[in-house]
Structures are given as C-alpha cells and as structure tokens.
Amino acid sequence: MMRIEQKKQELRTQTRRFLLSAAVVFLVVACFVTVTAHAASVTVDLGSGDTSGAEFGVLEALATVLLLALAPSILMMMTSFTRIVIVLSFLRNAMGTQQSPPNQVLVGLALFLTLFIMSPVFDRINTEAYQPYQAGEITREEALENAVEPLKEFMVRQTYANDINLFLTISNEKTGEQILLTGEQEQLLDLGMEIVVPAFITSELKRAFTIGFLLFIPFLIIDMVVSSTLMSMGMVMLPPSMISLPFKIMTFVLVDGWGLLIGTLVRGFR
C-alpha cells in the first residue's frame, strides 16, 4: 500500500510539473506572437536612414546598438562615476569592514550620486541635442556635436593641465606648449575627445587616490593607538584589527562620516 501511495504522489507531482511547463510555454509563444505582430507594422528603410512615421533607419538601429554597447564605458570614462566608486572602495578598505557595505550597495550609491552630479549635463544634452533632433530641427551630426559639447565642458573643468599636455605630446598635436585651464577653456574645448577623455580619467584617478590617502590617515591612527595599547598590556596574541574595528565604526558614525564624504564628493564636482 505504501508503494502505491508513493507512486500516486509521484504521478501527481509529474502531472503538476507538466501542466506548469505547458503553461509557461504557452505564455512564451503568446508573447512572441504578440511582439511579432507588433513588429510587423514597422518598416526598415535601407536608404539614407531618415525617419518618418513608423520607419526606422538602419543607421539609427546601428547607432542605438552601438550606444547601448558603449554605455558602461561612457558611464565610467566620461562621468563622475569613477572617482566616486574608487573613493567608496578606499573607505571600505580603510575601515577594514571586509565586504560591508557590499559591492552592490557601493555601485548603486555611486550610480545615483553620478546621476545627481551629472543632471545639469544631461539636461543640456536633452535640451540642445535630443529634443531638436527629434523635432527635425537639426541633423544627426549637429545633434551629436551638441551632445558632446556639455560632456566635454564637464571633463575639461575636472582635468589637470599637465594631463592634457601629456596626451597632447603623445598625439603630436601640440608639443612644448603649456596649456593652462585659467582663461584657456575655449581652446581646450577645441580638442578632440580622444585627448580629453584619457586626460580626464587620469585626473580622476589622481584625485580619487589622493582622497583615499586622506581617508586612510584617521583610521590608521586608530589602528596604531589600539596596537600600542594592546602591546603595552601584553595582549600580543589578540588581533588589533578585531579591537579597532568597533572604534573605527563608532568614530565614523559620530562625525557623520557618510554625510561629510558624500558632501565633499558632490561639492568637488561643482
């Protein structure tokens, strides 16, 4: 009797799995049919790529795919994301909290801070490039130029002059000329993105590592005080990091470390 009951139970389980699989397959097929029917009304223009009505040019499709593929690189190399995420990583290492906050939290915080800092630049791109292009007032080339200009102005303001001179020398565009940011911004805006972007990211790395060095100093002092105290008490076998960690966290919270750090990062770009 027990075997019969077990076989009945297994049969019921297999029947439920089959019905569930059939329902999932039905939903997938229905969604595919719906999407196919909707896509059938869109025509692809193999000509010049101009859009009118429901037509979607090949050049627009290729540009969209290329933009989506380069979106992570654009986010890291042409915005404030790199400096923020490196500083947050230095902070976690200085506190010695291992994986707390986790990487997902640090990246999410860096992403939303980047959106907050870059919002004026994105607004200019939307106003000067995207909306006029959608309205048919400017061409694709003019829209691209108008979109690049706000990003270039942002990067130039955050770039050291010696970094620009370095890449100018490497590219043989200008050699032996010292370009200063003061009063030379219009001249710097004439440079190509192949010079501005690497110079900008180099300057961002310098600033991020400088901030990381300054973050390590107070926590290093706490580690030294705790280590000296334990040595004087003869507690050589007790790990100093285990004792100093609560003091680091308490000190960071009492001085409102998160507010000070985030406020300094945001104001540094203003």
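Residues numbered from 1 in each chain as written. Predicted model: local features only at pLDDT ≥ 70, side-chain atom pairs only at ≥ 80, totals over all residues. Heavy atoms only, no water.

J.: Which residues make up the overall build of the protein chain, and what are the values?
T.: Scanning the protein chain from N- to C-terminus turns up 10 helices and two strands. In the protein chain, the succession of α and β elements from N to C terminus is α-β-β-α-α-α-α-α-α-α-α-α. For the protein chain, buried positions account for 29% of its 270 residues. As displayed, the protein chain has an accessible area near 17,900 Å², and 69% of this comes from carbon and sulfur atoms. (Helix = DSSP H or I, 4+ residues; strand = E, 2+ residues; numbered from the N terminus. Buried < 20%, exposed > 50% of the residue type's maximum accessible area, 1.4 Å probe, protein only. Areas by Shrake-Rupley, 256 points an atom, 1.4 Å probe, with all protein chains shown as cover.)

J.: For the packing of aromatic side chains, give the residues involved together with the corresponding values.
T.: According to the stated counting rule, one finds six aromatic pairs in the structure shown. An angle of 80° between the planes, with centres 5.1 Å apart, marks the rings of phenylalanine 90 and phenylalanine 209 as edge-to-face. A residue pair is termed long-range when its members are at least 10 positions apart, and phenylalanine 90 in helix 3 (residues 81–95) and phenylalanine 209 in helix 8 (residues 193–232) qualify at 119 residues. Among the residues examined, phenylalanine 90 registers a relative accessible area of 18% and is labelled buried. The class of phenylalanine 209 is partly exposed, set by a relative accessible area of 48%. Taking 6.2 Å as the distance between ring centres and 40° as the angle between the ring planes, the aromatic pair formed by phenylalanine 219 and phenylalanine 252 counts as tilted. Note that phenylalanine 219 is positioned in helix 8 and phenylalanine 252 in helix 9 (residues 240–254), a separation of 33 residues in sequence. A relative accessible area of 6% means that phenylalanine 219 is categorised as buried. (Phe/Tyr/Trp six-rings, centres within 6.5 Å; stacked < 30°, edge-to-face > 60°.)

J.: Account for the nonpolar core, with residues named and values stated.
T.: By size, the foremost hydrophobic cluster in this structure holds 42 residues, and its most contacted members are Ile84, Leu91, Phe154, Met155, Leu191 and Leu261. Breaking this core down by element, the ones donating at least two residues are helix 3, helix 4 (103–134), helix 5 (140–157), helix 6 (161–171), helix 8 and helix 10 (257–269). Setting aside chain neighbours within four positions, we find phenylalanine 154 in contact with Met78, Thr79, Ser80, Met118, Val121, Phe200 and Phe269. (Core = buried A, V, L, I, M, F, W, Y, C linked by side-chain atoms within 4.5 Å. Contact = heavy atoms within 4.5 Å.)

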